[in-house]
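# Close look at the chain arrangement
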Amino acid sequence: MITDYTPGAYMIHDQLHIRGGHQVSWLLDGVPVPNTNIASNVGPQFDPKDIDYLEVQRGGYNAEYGDRTYGVFNVVTRSGFERNRQAELVTSYGSYNNTNDQISFGDHTQRFAYYGSLSGYRTDLGLETPSQQINHDLAAGLGTFGSVIFNKTPADQLRLVTSIRGDHYQVPNTPDQQASGIRDVEDERDAFANLSWLHTIGQGTVLTVSPFYHFNRTHYLGGPIDTPVIPEDDRGSNYIGGLVSLAATHGKHTTRAGLQVLGERDNQFFGVVTSDRSNAPLRQRQTIWGNVQTIFLEDQYRMTGWLTFNGGVRLTHFGGSISENAADPRIGAALQIPKLKWVGRAFWGRYYQAPPLLTVSGPLLDIAAQQGFGFLPLRGERDEQREFGLTIPVAGWSFDVDNFRTAAKDYFDHDVLGNSNIFFPLTIDRARVHGWEFTATSPRIAAHAQWHLAYSHQYAEGRGGVSGGLTDFSPPDSNNYFFLDHDQRDTLSTGINLDLPRRTWAAFDVSYGSGFLDGNGPNHLPSHTSYDLSLGKLFGENWSVRLTALNFTNNHYLLDNSNTFGGTHYANPREFSVQLKYRFRY
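Rules of the game
- Residues numbered from 1 in each chain as written.
- Predicted model: local features only at pLDDT ≥ 70, side-chain atom pairs only at ≥ 80, totals over all residues.
- Heavy atoms only, no water.
- Phe/Tyr/Trp six-rings, centres within 6.5 Å; stacked < 30°, edge-to-face > 60°.
- Helix = DSSP H or I, 4+ residues; strand = E, 2+ residues; numbered from the N terminus.
- Buried < 20%, exposed > 50% of the residue type's maximum accessible area, 1.4 Å probe, protein only.
- Lys NZ or Arg CZ within 6 Å of the ring centre and 35° of its normal.
- Patch = residues over 30% accessible without salt bridge, like charges linked within 9 Å, V, L, I, M, F, W, Y side chains within 5 Å.
- Areas by Shrake-Rupley, 256 points an atom, 1.4 Å probe, with all protein chains shown as cover.
- Salt bridge = Lys/Arg side-chain N within 4 Å of Asp/Glu carboxyl O.
- Polar contact = N/O pair within 3.5 Å; in protein donor to acceptor, adjacent residues only side chain to side chain.
- Contact = heavy atoms within 4.5 Å.
- Core = buried A, V, L, I, M, F, W, Y, C linked by side-chain atoms within 4.5 Å.
- Pairing = 2+ DSSP bridges.

### Here we look at the packing of aromatic side chains
- Scanning the entire structure with this criterion turns up 17 aromatic pairs.
- On the basis of an interplanar angle of 80° and a centroid distance of 6.1 Å, the ring pair of Y70 and Y411 is categorised as edge-to-face. With a gap of 341 residues between them, Y70 in the loop between strand 5 (51-57) and strand 6 (72-77) and Y411 in strand 22 (residues 397-416) connect regions that are remote in the sequence. Note on accessibility: Y70 and Y411 belong to one class, buried.
- Relative to Y114, the ring of F112 lies with its centre 6.3 Å away and its plane at 45°, an arrangement referred to as tilted.
- The class for F112 is partly exposed, based on a relative accessible area of 33%.
- Judged by its relative accessible area of 23%, Y114 falls in the partly exposed class.
- Put simply, the rings of W26, F46, F73 and F192 touch in pairs and so form one group of aromatic residues.
- Lying over the aromatic face of F404, R19 brings its terminal NZ or CZ to 4.1 Å of the ring centre.
- The positively charged end of K537 is found above the aromatic ring belonging to F539, 5.4 Å away from the centroid.

What follows is the structure, given as structure tokens:
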């Protein structure tokens, strides 16, 4: 869904990347779901079947948004107002014993609404594989989601949103790893609860108070006969905080101000046991607290009906193993050309991303030092972004083109210790991501078809050595820029949705990538193209069937060979599935 419609968005080593980075912010109905750990989870944050619609921002953020630079996703969830004592059962089955099932229910009155769901999935093709053979790649998960809205008065709304889910992954093997008996797994747990109170103060002023809690755990466990070492990495993070904001519209001004407070507790256990028991086991546990306090203020001034200015500032304090402060100004303008209705826009701003709390100390640091490695303190990433763009509406069509450039200091990335498959966050001294993006969307053509396209031409480059995290302290070969491992020059996604006779519909999508970095570069892997097709039909008012073919030409290409789970990843082969949906009243 995201990669089909968002330029420069792609999946690589099981992480969503957008505009050259994988640090993105998730909000649930405008309330943050915080996570300061980099590349620590591969499980889904939300079940797409619980989403009403998704708002995506790629840059040019208001001062209200912070924490993650490369994308902000606001998930607007189902509330129950769209249902009247209705339940929906979704079940599916496909290639590699893939099933993804859910039962959901919802109801509402004029003042009260609720929605709840229970979901489960299983597949023999979970994570991207390190070879064309699929070995040891089962994935399964179970989750529940709930939403309750109560309009106490015309001026007061209360909403509670909760979720609990668990995911289990076998870490895929190469044929040699499979033959040697390596059987690593990762278990993930995630839970959150967001409570919001919206209070209208007079005309045009709204106060929002939103306390939130988020728990996230990842437990990587090596198999009992792994060789040469059996690794274990168990990290649990608790986030608790709140957001208070005030939005007021008066005359030509729309002003927002607010405060966000976040406390985090990380508890991590790391252990390594040599498979032949030749060395004493290494075990260490770290527990650390951190906090982030943020104040933001912004104003939108509509000078005329065709000219608007935006300005704001975000002030952040981070306290953990280090203490940092950041002041991030942001300014922008939008100009609408009369009669043509074309809209030009420009933006400049700075961002700050708080670092992960945990680095490395104790016995693990000693062992790393013996091997010529060490760990430098992790500092927050600081970014400066500028962009300009133009939106052109023509007879129901919409075209958008933009140019952006992001310069980063202490750019967040990740690496592994030896071949243990354990992630450690690191920062690169400098990085820059720049490029052009283009999107196009058609109106309904002949009342039956709608076409979309998203294209990106971008560069993702780093410069200098490792400035924080795991490093061998060797200086860079030169002070020149080098390509980052997820650099891909051209990314294109296009497709068409069709409404066919007899309550039938179809969707066809094409995805193209020019190829990610080959090893350490500067050459890139060959380009790749995949094709997806869906066919669906409604039966009466309550039944529907959908057939889906992903990568139906079976282009099982080498996607990347970067330093992650297996070091190398292949795109998923052809997959077929059938889904049955039944809606009923209760």
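### Some thoughts on a nonpolar patch on the surface
- Together, F112, V148, F150, L158, L160, L195 and W197 line one region of the surface with nonpolar side chains, adding up to about 520 Å² of accessible area.
- For the nonpolar patch, the elements supplying multiple residues, two or more each, are strand 10 (139-153), strand 11 (156-170) and strand 12 (185-200).
- By the secondary structure assignment, L195 is in strand 12.

### Description of the side chain of Q102
- Looking at where Q102 falls in the secondary structure, it is placed in strand 8 (residues 99-108).
- Reaching out from Q102, the side chain makes a polar contact with the side chain of D50 at a distance of 3.1 Å.
- A polar side-chain atom of Q102 sits 2.9 Å from a polar atom in the side chain of S119.
- Ignoring sequence-local partners within four residues, the contact set of Q102 consists of D47, K49, D50, E88, L89, V90, Y115, S117, L118 and S119.

### A short note on the nonpolar core
- The biggest cluster of nonpolar side chains holds 26 residues, and the ones touching the most others in it are L28, F46, F73 and Y411.
- Per-element tally for this core: the top contributor is strand 23 (residues 423-441), with four residues.
- When near neighbours in sequence (up to four residues on either side) are disregarded, F46 contacts W26, L28, V33, I51, V75 and F192.
- With 13 residues, the next largest nonpolar core counts F212, L262, I288 and A354 among its residues.

### A short note on the side chain of S79
- Examined against the element boundaries, S79 turns out to sit in the loop between strand 6 and strand 7 (86-94).
- A distance of 3.2 Å separates the side chain of S79 from the backbone nitrogen of F81, its partner in a polar contact.
- Within the structure, the side chain of S79 is placed 3.4 Å from the side chain of E82, a separation counted as a polar contact.
- Among residues more than four places away in sequence, those in contact with S79 are A113, Y114, Y115, S147, I149 and R159.

### A few points about the pattern of salt bridges
- Across all of its chains, the model carries 20 salt bridges by this definition.
- One salt bridge connects D402 with R19, and the closest N-O pair in it is separated by 3.3 Å. Here D402, found in strand 22, pairs with R19, found in the loop between strand 2 (15-18) and strand 3 (25-28); they are 383 residues apart in sequence, far enough to count as distant.
- On the basis of relative accessibility, which here comes to 1%, the residue D402 falls in the buried class.
- Note on R19: relative accessible area 3%, which makes it buried.
- Across the salt bridge formed by R432 and E461, the nearest N and O atoms sit 2.8 Å from each other. Of the two residues, R432 is situated in strand 23 and E461 in strand 24 (residues 449-471); the sequence distance between them amounts to 29 residues.
- Under the relative-accessibility criterion, E461 is labelled buried at 9%.
- One continuous salt-bridge network, built from bridges that share partners, spans R19, R58, E387, D402 and E437.

### A look at the sheet that holds strand 3
- The four strands are arranged 4-3-6-5 in an open sheet whose pairing can be described as mixed. In this open sheet, the two edge strands, each paired with only one partner strand, are strand 4 (31-32) and strand 5.
- When strand 3 meets strand 6, the two strands line up parallel, connected through four bridges. If you follow L28 over to strand 6, its bridge partner there is V75.

### Topic: the environment of G462
- Position of G462 among the secondary structure elements: in strand 24.
- According to the relative accessible area criterion, G462 is buried, its value standing at 0%.
- With residues near it in sequence (within four places) discarded, G462 still touches R430, A431, N480, Y481, F482 and L484.

### Observations concerning the pairing of strand 6
- The buried fraction of strand 6 amounts to six of the six residues, a majority that puts the element mostly inside the structure.
- Neither face of strand 6 is exposed, since V72, N74 and V76 on one face and F73, V75 and T77 on the opposite face are all buried.
- Of the pairings in the sheet, the one linking strand 5 to strand 6 comprises six bridges and is antiparallel in character. If you follow E55 over to strand 6, its bridge partner there is N74.

Function-wise, these values are silent; they only describe arrangement.
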